[in-house]
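Each chain is listed here by its residues.
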Amino acid sequence: MLLISNGRVIDPATGTDAPRDILLDGDRIAAVAPQGQLAARAKGAEIFDAANFVVAPGFIDLHCHLREPGGESSETIETGTRAAARGGFTAVCPMPNTRPVNDNVSVTRSILERAAAVSSVRVWPIGAASMGSKGEALSEIAAMKQAGIVAVSDDGRPIASAKLLRQVMDYCRALDLPVIDHCEDSSLFAGAVMREGKQSVRLGLRGMPAATESLAVARDVQVGELTNCRLHIAHLSARASLELVRAAKAKGLPVTCEVTPHHFTLTDEDVQYDTRYKMNPPLASREDRDALIAGLADGTVDAIATDHAPHEPALKDVEFDRAPFGVTGFETALALGLDLVHAGRISLMRLAELFTSGPARVLGMTRRIAENEPGDLTIFSTGHNWTFLAQESASKSRNSPFDGRTFRGAPMATIVAGRIAYRR
Amino acid sequence: MSHRFGHMLGIEPLTAEEIVFLLDQSKPFQEIQRHPLKKLATLRGKTVALAFFEPSTRTRISFATAASRLGADQMNLQAESSSLKKGESLLDTVRTLDAMKPDCIVIRHSSSGAPDFVARHLPLPVINAGDGTHEHPTQALLDALTIRDRRGTLEGLNVTILGDILHSRVARSNIHLLAKFGCRFTLCGPAMWLPRELECLGPPGTSIRRVTRIAEALEGADVILTLRVQQERLHEPALPLDEYILQYQLTPERLRLARPDALVLHPGPMVRGLEIDPAVADGPQSCVLEQVTNGLAVRMALLFLMTGSGADTPPEKDSSHAAD
Amino acid sequence: MHIVEKSQLMTATEIDRTVQRLAHEIVEKSGGTANLALIGVRRRGVPLANRIALAMRGIDGVDVPVGTLDITLYRDDLSKVAAQPILQSSEIPFPVDDKDLVLVDDVLYTGRTIRAAMNGLFDLGRPKRVRLCVLIDRGHRELPVEATFIGRSVQTSDAEIIEVRLNEIDREERVVLVERVS
């Protein structure tokens, strides 16, 4: 048994913001009560003193890349989930663009088996929408669902055509699976390495306009309307895309979206020739970033997802044009979110929602602190001063634009299935 | 006052004073081109590595000649060389060169930011001989030297740039340089090569306007910089050449719209009959040959400044002259 | 490490008298000024050469041409120079071929400056004769260079420095002996 005592419980699902003690027994929450009232029941339990900390339901990361199988030099399930635990995440959803692609049951099973053996947190894989994510034939979606995928996506790429998207969505609607799309118009994307704008012209780097993303979002929303399947827009980065999501929600369509911490923190002005600032979708304009923050606050954005995309140093240490897209993000996500809270842009309750009940809802689940719920908790400080050093990350990769950045607020402990997976 | 340059990656970070210094320091090297014996021993014992990852004849020969005339040795790497075809990375290639201990490296590469990347990884001075669509600093310096010699000043000139400006590193470096002297710019070419963001180049307050009609662009111009039509840069969609000639070729009639003493510059190589009429190319306003000579002078000055002296050793006996 | 003045070697008047004397000497030992030209080695050789030419006008009434030579590019010790030297242009407005040249400099020391100056001259052509005129010869030659026309010979040690200060450059007029002191 594990008793989390003296903490400030913030639970968006129930609207709770109060001092509560939580008793975990086995892999479940056994009891939640006002401070001090669980002393008797908790006899013999390990005690975690959460004084001055916030205790929230276990964070879920809807979007990450664990690289295993096939890309183990950049990350493995073991190292990636260790980094996730250090970031306060209790569950992560790895995208299927592994080698081989997770487009059939045997790959899904092997990922889950590996996770069962070495993972620090829960692993809920996302299956490929099409075979090899090539955009031609549907993959073994129903079989993969049985094996344990929680959504489908061809992430890394957009779902190739409106016709294929419609087929995938029709199929997934019947299976009650959300379809997650990496929204991108291939013709506008081709050859670009950053956002098109003053900075790309100054640096002489090829840029893609915001429409690269929003054109695809518009397509997806309309196909979604045809099929009434749940659509989730991955790593949304542009104001124009956000407005399309807002309009879709207003119409009552089942459309959700996520935003990454690097997109709500940095802009294209931060790009020089440092490949730690190269990712897809690329860092956007100030107006986009400000619109994303407003969307985080007003509920248009459903979740913060990291899109943790590790690449070993040798791959990233090349000329900007040639570097692969992607930055790591597990360990800095919460702190960057807290920066918004400290700046008064969003409330702490709202931040918690973006990491917990928001992503849960996208997956068709619930996430809350109540008796009999899974024993997943994220315990964090809003005041702890620390510096993120990429060298010290649990990830195998170092490609973070936040290397050396100081933060106020950090994950202090991550509880997964009733056990402490990480403690600062 | 003397200036030091650790690297020459671009014009943008330089001050006007530094640019004037570089142009002034190029003058003795212009003079040397007039000597019967053009060879010096100034950089004897020094090695200049020429790493040209993009095909180039003129710039490479210019740097090679500059190094030779200063008495330096060269290491030559050309794009056609097999190690690059075998997939060796840029970093490994330059590290191999560095292991042979050159005193500086001159690099031309098709990726914007490649010289910056090399400078971050190697402990030797890096000169950018053109990177992607980013900068070509020695071109801008030799253009400025040419303009200053002919006009007497760089201040407040009306500069018109003609052609594919979006993909031109020569245009960018020239804008960065001349903007520091208060020049006003008119950028002219087909609309798809003139994005709005070009108006943001140069320090704040720089006057840049975009114009698609050549007649409008040439009125009142003091300097006309004619760019090449870069067919190798694979930008889509390509414009039919006849269209370009019809709309944008610099002909004698169009040149007359500019000031009577307007200068015509071209970074080379020219395609006579495409972007420039042969009569203009060979006419009295054309500066193309001086540009070549000045290119040599500017590159000799840079090589001299960046590899000529050592900062780590204490001053020697005759240093009373050194301080002069 | 700083500089301490040890003694004054020449006053303004003495400098002027020496310049006049040198001018006479050069004219005397050149068999006339017809083919003669002076080349001042930058920096302080230049005002000295100009003054000698002016003095010569007083003697023979002839304008002896004066050129200036910047030896930076011809130095053999560039890599040992700590400060980045600034290049000045050389200006020699007459053909060098077959000319009777006199190089003019303020101090002759190791001889390396003069060797560099000769490299520079011979890049321009083939003079008939090159002789050297210096205000101060302080010994310690490292190369076989000799001056034909010497203002004053001074014994010095390596730690000492001779500074010739001229109005045109230093806004004062004297020659001092200074020492580097730690």
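What you see is a predicted model; the values in this text were computed from it and never measured.

Some thoughts on the overall build of chain C
- Along its length, chain C carries four helices and eight strands.
- Against the 2.2 N^0.38 benchmark of 16 Å for 182 residues, chain C shows a C-alpha radius of gyration of 16 Å, consistent with a compact globule.
- Each principal axis of the C-alpha atoms in chain C carries an extent, and together these give about 50 × 40 × 30 Å.
- The buried share among the 182 residues of chain C stands at 53%.
- Accessible area of chain C: about 8,200 Å², with a carbon and sulfur share of 47%.
- Side-chain charges of chain C comprise 25 positive and 28 negative groups, with the mean position of each set lying 1 Å from the other.

Examining the overall build of chain B
- Each helix and strand counted, chain B has 13 helices and nine strands in total.
- Expressed as a percentage of the 324 residues in chain B, the buried residues total 60%.
- Across chain B, the fraction of contacts at a sequence separation of at least 24, relative to all contacts at a separation of at least 6, is 75%.
- Surface summary for chain B: the accessible area is close to 12,700 Å², and the carbon and sulfur share equals 53%.

What about the arrangement of the chains?
- With two pairs of chains in contact overall, the contact-richest pair is chains B and C.
- Contact between chain A and chain C is absent, and the least distance between their C-alpha atoms amounts to 30 Å.

Quick word on the interface of chain A and chain B
- Each partner contributes residues to the interface: chain A has 14 residues there, and chain B has 24 residues.
- In total, chain A and chain B occlude about 1,600 Å² of area from one another, counting both sides; carbon and sulfur atoms represent 52% of this.
- Sorting the residues of chain A by area buried against chain B places A:Val201, A:Tyr273 and A:Glu319 first, and these three jointly supply 39% of that buried surface.
- At the boundary of chain A with chain B, the tally comes to one salt bridge.
- For the salt bridge of A:Arg202 with B:Glu12, the shortest nitrogen-to-oxygen distance reads 2.7 Å.
- Remark: the boundary between chain A and chain B carries eight residue pairs in polar contact (both at pLDDT 80 or more).

Details of the pattern of salt bridges
- Tallying each qualifying case throughout the model produces 55 salt bridges over all chains.
- Salt bridges here are not isolated pairs; linked through shared partners, they connect A:Lys249, A:Asp302, A:Arg350, A:Glu353 and A:Arg361.

Things to note about the sheet that holds strand E7 (residues 208-211) of chain B
All names here are of chain B.
- Strands sit in the order E7-E6-E5-E8-E9 across an open sheet of five strands; the sheet is parallel. The two strands at the open ends of the sheet, each matched to only one other strand, are E7 and strand E9 (263-265). The average undirected angle you get between the axes of adjacent strands in this sheet is 20°.
- Here helix H7 (residues 169-179) sits on the sheet in contact with strand E5 (158-162), strand E6 (184-188), E7 and strand E8 (223-226), set at roughly 160° to E6.

Notes on the sheet that holds strand E6 (residues 59-64) of chain A
Residue and element names in this part refer to chain A.
- Pairing is parallel in the open sheet, where three strands are placed in the order E6-E7-E8. The outermost strands of the open sheet, each flanked by one partner alone, are E6 and strand E8 (122-123).
- In this sheet, E8 lies alongside strand E7 (residues 89-94) in parallel orientation, the contact comprising two bridges. Its bridge partner lying in E8, Ala91 is registered against Arg122.

Describing the domain arrangement of chain B
All names here are of chain B.
- By domain assignment, chain B separates into domain 1 (16-134 + 292-307) and domain 2 (137-288).
- The distance between the C-alpha centroids of domain 1 and domain 2 comes to 25 Å.
- On the side of domain 2, 24 residues touch domain 1, which itself brings 27 residues to the contact.
- In total, domain 1 and domain 2 occlude about 2,000 Å² of area from one another, counting both sides; carbon and sulfur atoms represent 60% of this.
- Looking only at domain 1, the three residues that lose the most surface to domain 2 are Ile19, Leu23 and Thr133, adding up to 28% of its buried area.

Structural notes on unusual backbone geometry
- Backbone torsion omega between A:Glu68 and A:Pro69 reads 5°, so that peptide bond is classified as cis.
- For A:Pro69, the location among the structural elements is in the loop between E6 and helix H1 (77-86).
- Following B:Gly268, the chain continues to B:Pro269 via a peptide bond in cis, the omega torsion being -5°.
- Structurally, the position occupied by B:Pro269 is in the loop between E9 and helix H11 (278-281).
- Unusually for a residue other than glycine, A:Ala417 sits at a positive phi of about 50°.
- Looking at the element boundaries, A:Ala417 is found in the loop between strand E18 (406-416) and strand E19 (419-423).
- Notably, C:His140 is not glycine yet its phi reads approximately 65°, a positive angle.

Some points on the side chain of B:Thr138
- Among the structural elements, B:Thr138 can be located in helix H6 (residues 137-151).
- Excluding anything up to four places from it in sequence, B:Thr138 contacts B:Phe63, B:Ile127, B:Val298, B:Arg299 and B:Leu302.

Here's the deal with the packing of aromatic side chains
- Within this structure, the stated rule accounts for 12 aromatic pairs over all chains.
- Taking 5.3 Å as the distance between ring centres and 35° as the angle between the ring planes, the aromatic pair formed by A:Trp386 and A:Phe407 counts as tilted. Of this pair, A:Trp386 sits in strand E17 (residues 377-387) while A:Phe407 sits in strand E18, and the two are 21 residues apart along the sequence. For the pair formed by A:Trp386 and A:Phe407, the shared burial category is buried.
- For the pair B:Tyr244 and B:Tyr248, a centre-to-centre distance of 5.5 Å together with 40° between the ring planes defines the contact as tilted. On the criterion of helical spacing, the pair formed by B:Tyr244 and B:Tyr248 is a turn pair, its members being four residues apart in helix H9 (residues 241-248).
- Taking the relative accessible area as the measure of exposure, B:Tyr244 reaches 2% and is therefore buried.

Considerations on the packing of helix H7 (residues 211-227) of chain A against helix H8 (residues 239-250) of chain A
Residues and elements named next belong to chain A.
- Running from N to C, H7 and H8 point in directions that differ by 15°, and their axes come no closer than 8 Å. Here H8 runs roughly parallel to H7, going by the angle between their axes. Handedness of the H7/H8 crossing: right-handed. Between H7 and H8, the residues in contact are Glu213, Ser214, Val217, Ala218 and Val221 and Ala240, Ser241, Leu244, Val245 and Ala248, respectively.
- Looking at the contact of H7 with H8 residue by residue, the classes come out as seven nonpolar, two polar and one charged.

Rules and cut-offs
Residues numbered from 1 in each chain as written. Chains lettered and ligands numbered in written order. Predicted model: local features only at pLDDT ≥ 70, side-chain atom pairs only at ≥ 80, totals over all residues. Heavy atoms only, no water. Helix = DSSP H or I, 4+ residues; strand = E, 2+ residues; numbered from the N terminus. Rg over C-alpha atoms; globule rule 2.2 N^0.38 Å. Buried < 20%, exposed > 50% of the residue type's maximum accessible area, 1.4 Å probe, protein only. Areas by Shrake-Rupley, 256 points an atom, 1.4 Å probe, with all protein chains shown as cover. Lys, Arg positive; Asp, Glu negative; His and termini not counted. Charge placed at Lys NZ, Arg CZ, Asp CG, Glu CD. Contact = heavy atoms within 4.5 Å. Buried area = accessible area lost by both parts, 1.4 Å probe. Salt bridge = Lys/Arg side-chain N within 4 Å of Asp/Glu carboxyl O. Polar contact = N/O pair within 3.5 Å; in protein donor to acceptor, adjacent residues only side chain to side chain. Pairing = 2+ DSSP bridges. Axes fitted to C-alpha atoms, helices over the stretch in contact; angles between N-to-C directions. Domains from an automatic or database assignment. Phe/Tyr/Trp six-rings, centres within 6.5 Å; stacked < 30°, edge-to-face > 60°. Parallel < 35°, antiparallel > 145°, perpendicular 65-115°, else oblique. Left-handed = near helix turned anticlockwise from the far one by under 90°. Nonpolar A, V, L, I, M, F, W, Y, C, P; charged D, E, K, R; others polar.

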